Amino acid sequence: MSENSVLNVSEDGRLGKIEIAPVVIEVIAGIATNEVEGVSSTRGNFATDVVEKFGKKSHGKGIKVELTDVGVMIDVFVVLDYGKAIPVVAKKIQGNIRQALKNMTALEIEEINVHVVGVQMEMKEKEEE
């Protein structure tokens, strides 16, 4: 399958087709990733960084979805907070993405690969409650 194709999830064709674009999977996975404690940010490319400078939030930033003959494979590129256990946070990311996609799309994911590309040394300013 090509990377730009849609994923057909229809079980019963009587009412019509249900297709999910890879961009939708990227957005769901991106939001699920940022919900995990210990994730400082996701690492996007130059284009997503420029778009965010102009105020548009890119929820799929740092997420790569590949539709293959084997199934759906997701690569997540994250920057973690300093002092957090990398294996624990990575496992939470994988579980959160898998659960969010199962709840929202009923998809079973073949692989979720977490790539830690950096560590955020400064402490984030906590929002006032």
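This text goes with the structure placed above it.
Attention in this report is confined to the structure presented alongside it.

Cut-offs used in this document
- Residues numbered from 1 in each chain as written.
- Predicted model: local features only at pLDDT ≥ 70, side-chain atom pairs only at ≥ 80, totals over all residues.
- Heavy atoms only, no water.
- Axes fitted to C-alpha atoms, helices over the stretch in contact; angles between N-to-C directions.
- Helix = DSSP H or I, 4+ residues; strand = E, 2+ residues; numbered from the N terminus.
- Parallel < 35°, antiparallel > 145°, perpendicular 65-115°, else oblique.
- Left-handed = near helix turned anticlockwise from the far one by under 90°.
- Contact = heavy atoms within 4.5 Å.
- Nonpolar A, V, L, I, M, F, W, Y, C, P; charged D, E, K, R; others polar.
- Expected span 1.5 Å × (residues − 1).
- Buried < 20%, exposed > 50% of the residue type's maximum accessible area, 1.4 Å probe, protein only.
- Core = buried A, V, L, I, M, F, W, Y, C linked by side-chain atoms within 4.5 Å.

A short note on the packing of helix H1 (residues 22–34) against helix H3 (residues 86–105)
Phase 1 of the analysis: It is at 9 Å that the axes of H1 and H3 come closest, and there the two elements cross at 135°. Comparing their axes, H3 and H1 come out oblique. The handedness of the crossing between H1 and H3 is right-handed. Together, Ile25, Ile28, Ala29, Ala32 and Thr33 of H1 and Ile93, Asn96, Ile97, Ala100, Leu101, Met104 and Thr105 of H3 make up the contact between the two elements.
Phase 2 of the analysis: For the contact of H1 with H3, a count of residues per class yields nine nonpolar, three polar and no charged.

Comments concerning H1
Phase 1 of the analysis: With 13 residues, H1 should cover 18 Å at 1.5 Å per step; its first-to-last C-alpha distance of 18 Å lies within 8% of that length.
Phase 2 of the analysis: Those residues of H1 that sit buried are Pro22, Ile25, Glu26, Ile28, Ala29, Gly30, Ala32 and Thr33.
Phase 3 of the analysis: Here the buried face of H1 lies against strand E1 (7–8), strand E2 (19–20), strand E3 (39–42), strand E4 (63–67), strand E5 (72–81) and H3.

A closer look at the environment of Ile63
Phase 1 of the analysis: Here Ile63 lies in strand E4.
Phase 2 of the analysis: Between the C-alpha atom of Ile63 and that of Phe77, which follows or precedes it by 14 residues, the distance is 6.4 Å.
Phase 3 of the analysis: Every residue in contact with Ile63, bar those within four places of it in the chain, is listed here: Glu26, Ala29, Gly30, Thr33, Ile74, Asp75 and Val76.

What about the nonpolar core?
Phase 1 of the analysis: In terms of nonpolar packing, the biggest core is built from 24 residues, with Ile25, Ile74, Val76, Ile93 and Ile97 touching the most fellow members.
Phase 2 of the analysis: Residue assignment for this core shows that the elements contributing at least two residues are H1, E4, E5 and H3.
Phase 3 of the analysis: In this structure Ile97 touches Ala29, Ala32, Thr33, Ile74, Val76 and Ile112, once residues within four positions along its chain are discounted.

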